[in-house]
Amino acid sequence: MTVSTKQQRIAELAQRYAGEGLTTLHHYMDLDWLKVAFVRVRKDSAPGIDGVTWECYGKHLDANLEDLLCRVKSGRYRAPPVRRVHIPKGSGKETRPIGIPTLEDKVLQRAVVMLLEPILEGEFHHHSFGFRPGRSAHEALATIWEASTRLGIRWIVDADIRKYFDTIDHGMLMDMLRRRVRDGVVLRLIGKWLKAGILEDGVRLFPESGSPQGGVISPLLSNLYLHEVLDEWMVNVVPNYLKGRWFIVRFADDYVLGFQRRDDAEKVLAVLPKRFSRFGLTLHPDKTRLVAFGRPNGLQRPGTFDFLGFTHYWGRSRKGHWVVKRKTAKDRLNRSLKQLSGWCRLHRHLPIREQHATLQRKMRGHYAYYGITGNARSLQQYRMQVARIWCKWLNRRDRGYRLTWERFSVLLRDHIPLPRVRIVHSIYGAKP
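The model shown is predicted, which means the values in this text are computed figures rather than measured ones.

Along the backbone of the protein chain there are 15 helices and eleven strands. On C-alpha atoms alone, the protein chain measures out to a radius of gyration of 24 Å, which is about the 22 Å that the 2.2 N^0.38 rule sets for 432 residues. Projected onto its principal axes, the C-alpha positions of the protein chain cover 70 × 60 × 40 Å. Taken over 432 residues, the protein chain has a buried fraction of 48%. Sequence separation of 24 or more characterises 70% of the internal contacts of the protein chain that already satisfy a separation of 6 or more. Counting only carbon and sulfur atoms, one obtains 50% of the accessible surface of the protein chain, whose full area is about 22300 Å².

The strands making up a sheet associate through hydrogen bonds between their backbones, and the pairing can be parallel or antiparallel. Spatial ordering of the open sheet is given by β2-β1-β4-β5, a layout of four strands whose pairing is mixed. Looking at strand neighbours, the two that pair on one side only are β2 (95–100) and β5 (203–205), the edges of this open sheet. Put simply, the sheet's adjacent strands are angled 40° from each other on average, direction ignored. Examined bridge by bridge, strand β1 (residues 82–88) and β2 share six bridges and lie antiparallel to one another. Each bridged residue has a counterpart across the sheet, and for Arg83 the counterpart in β2 is Ile100.

With that settled, consider helix α5 (residues 103–120). Relative to the 26 Å expected for 18 residues at 1.5 Å per residue, α5 spans 25 Å between its end C-alpha atoms, a close match to the ideal helical length. With 17 of its 18 residues buried, α5 lies for the most part within the structure.

The subject of this paragraph is the pattern of salt bridges. By the definition in use, this model includes 17 salt bridges. One salt bridge in this structure joins Asp158 and Arg289, with 3.5 Å as the shortest N-O distance. Residue Asp158 is found in strand β3 (residues 155–159), and its partner Arg289 is found in strand β8 (residues 289–292); the two are separated by 131 residues along the sequence. Residue classification places Asp158 among the buried residues on the basis of a relative accessible area of 12%. With a relative accessible area of 38%, Arg289 lands in the partly exposed category. Residues joined in a network through salt bridges with shared partners are Glu123, Arg179, Arg180 and Glu228.

All right, on to the packing of aromatic side chains then. Inspection of every chain in the model, using the stated rule, returns 14 aromatic pairs. A ring pair is formed by Tyr164 and Phe165, whose centres lie 5.3 Å apart and whose planes are at 70°; its orientation type is edge-to-face. Grouping aromatic residues by their ring pairs yields a cluster made of Phe38, Trp54 and Tyr57. The ring of Phe129 carries Arg135 above its face, with NZ or CZ at 4.3 Å from the centroid.

We now examine the sheet that holds strand β9 (residues 305–307). Spatial ordering of the open sheet is given by β9-β10-β11, a layout of three strands whose pairing is antiparallel. Among the strands making up the open sheet, the edge pair consists of β9 and β11 (322–328). Strand after strand, the sheet turns through a mean of 45° between neighbouring axes, direction not considered. Bridging between strand β10 (residues 310–316) and β11 involves seven bridges; their strand directions are antiparallel. In the sheet register, Thr311 faces β11, and the bridge partner there is Lys327.

Before going further, it helps to spend a moment on the nonpolar core. Of all hydrophobic cores here, the largest spans 79 residues; its most connected members are Ile190, Leu272 and Phe276. By residue number, the principal contributor to this core is α5, which donates eleven residues. Those residues in contact with Ile190 that lie beyond four places of it in its chain are Val112, Leu116, Met174, Leu177, Ile217 and Leu221. Counting residues in each nonpolar core, the second largest holds 46 residues, with Ala147, Phe251, Phe307 and Trp343 among its members.

With five of its five residues buried, β3 lies for the most part within the structure. Taken together, the five bridges between β3 and strand β7 (residues 254–259) define a ladder with antiparallel strand orientation. Opposite Val157, over in β7, you have Leu257 as the bridge partner. One ladder, built from four bridges, connects β3 with β8; its direction is antiparallel. Looking across to β8, one finds that Ile156 is bridged to Val291.

Rules of the game
Residues numbered from 1 in each chain as written. Predicted model: local features only at pLDDT ≥ 70, side-chain atom pairs only at ≥ 80, totals over all residues. Heavy atoms only, no water. Helix = DSSP H or I, 4+ residues; strand = E, 2+ residues; numbered from the N terminus. Rg over C-alpha atoms; globule rule 2.2 N^0.38 Å. Buried < 20%, exposed > 50% of the residue type's maximum accessible area, 1.4 Å probe, protein only. Contact = heavy atoms within 4.5 Å. Areas by Shrake-Rupley, 256 points an atom, 1.4 Å probe, with all protein chains shown as cover. Pairing = 2+ DSSP bridges. Axes fitted to C-alpha atoms, helices over the stretch in contact; angles between N-to-C directions. Expected span 1.5 Å × (residues − 1). Salt bridge = Lys/Arg side-chain N within 4 Å of Asp/Glu carboxyl O. Phe/Tyr/Trp six-rings, centres within 6.5 Å; stacked < 30°, edge-to-face > 60°. Lys NZ or Arg CZ within 6 Å of the ring centre and 35° of its normal. Core = buried A, V, L, I, M, F, W, Y, C linked by side-chain atoms within 4.5 Å.

Right, dumping it as structure tokens:
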């Protein structure tokens, strides 16, 4: 029986016994299951505290996986601590902590995700897009555009959960999971990962809450937590107290609530902190606000809000109609340019052709995400800034040679052209 067939079987059981916890899941996890999990782990992923890489583990794959499976089924498996690193967050000095599990942990977590996804995917709501199979950020953006223009939305609740991944309550999370899963082996594994601790600067810490970002299973667990805290509440409870139309779009811990009526928006915004506090979560006071976002009528200029790296605002279409538009958020644009400048600085002595090839890949990656309908101006700005940054660092290769902007422009045009701006995603034509 293939992995996909087993997953289909699990999904059927979850649907048949809806509302009950499945008790026999771990027997699906055999050697072939772990092999598929190993293949799905990124080959270039950073090693954990043991330093073992994907290639190293794969040299004796069958023996390693058989030993891992034996330890899991017998209960002898021990979860090692997660190596923590910090990466820049936004364009300022703030950083985001990322946890890096060992390679063996990544394989086992991926195997457990493969067990849980068929169960939880049948319960997650349509408005949840983050880290789910077959769903993307651009579908979330299309849903916001569709709802804002078709439902008469005039008010946006733009809220931010403070340190969400660090404040997930372990006890509540396990209670939520037990309602759907009662397999002791699976539950013990997840419990071990939550209690494994974090290794940072040689010091091992044991947080009583949180799910480290970077772990393979963390996105699924965080989705489950917010499914209970926010999604179920917004779908099954809140509508009973609203008078107008509304929508919710969530991507992992980022979400947007839209309302037709101001009193509905204010009512939800007043209750939202209390709802989150019941589950150990808090809203960021400086990043939570009510935004007037109605179609412009000449009397009041609507506000803007940022979501998934884009600033959403009202603007005129080519035919003169008011439409919701998006442009690259300022902090995301600055972050992309700062990272690219750092790369150019460190690699300015490489052959120009080699630099050119890498810059092309980076720029195409930028276009692949930010290349949506209506964002051409921001993309043009990005392309121009990339050229100026590259010229700046090339000028610092050799103090005896000065590359003027005029000469560099000729080189860009005739010999080392940068990729032209490309619109990859037609948001207006997309159907969420």
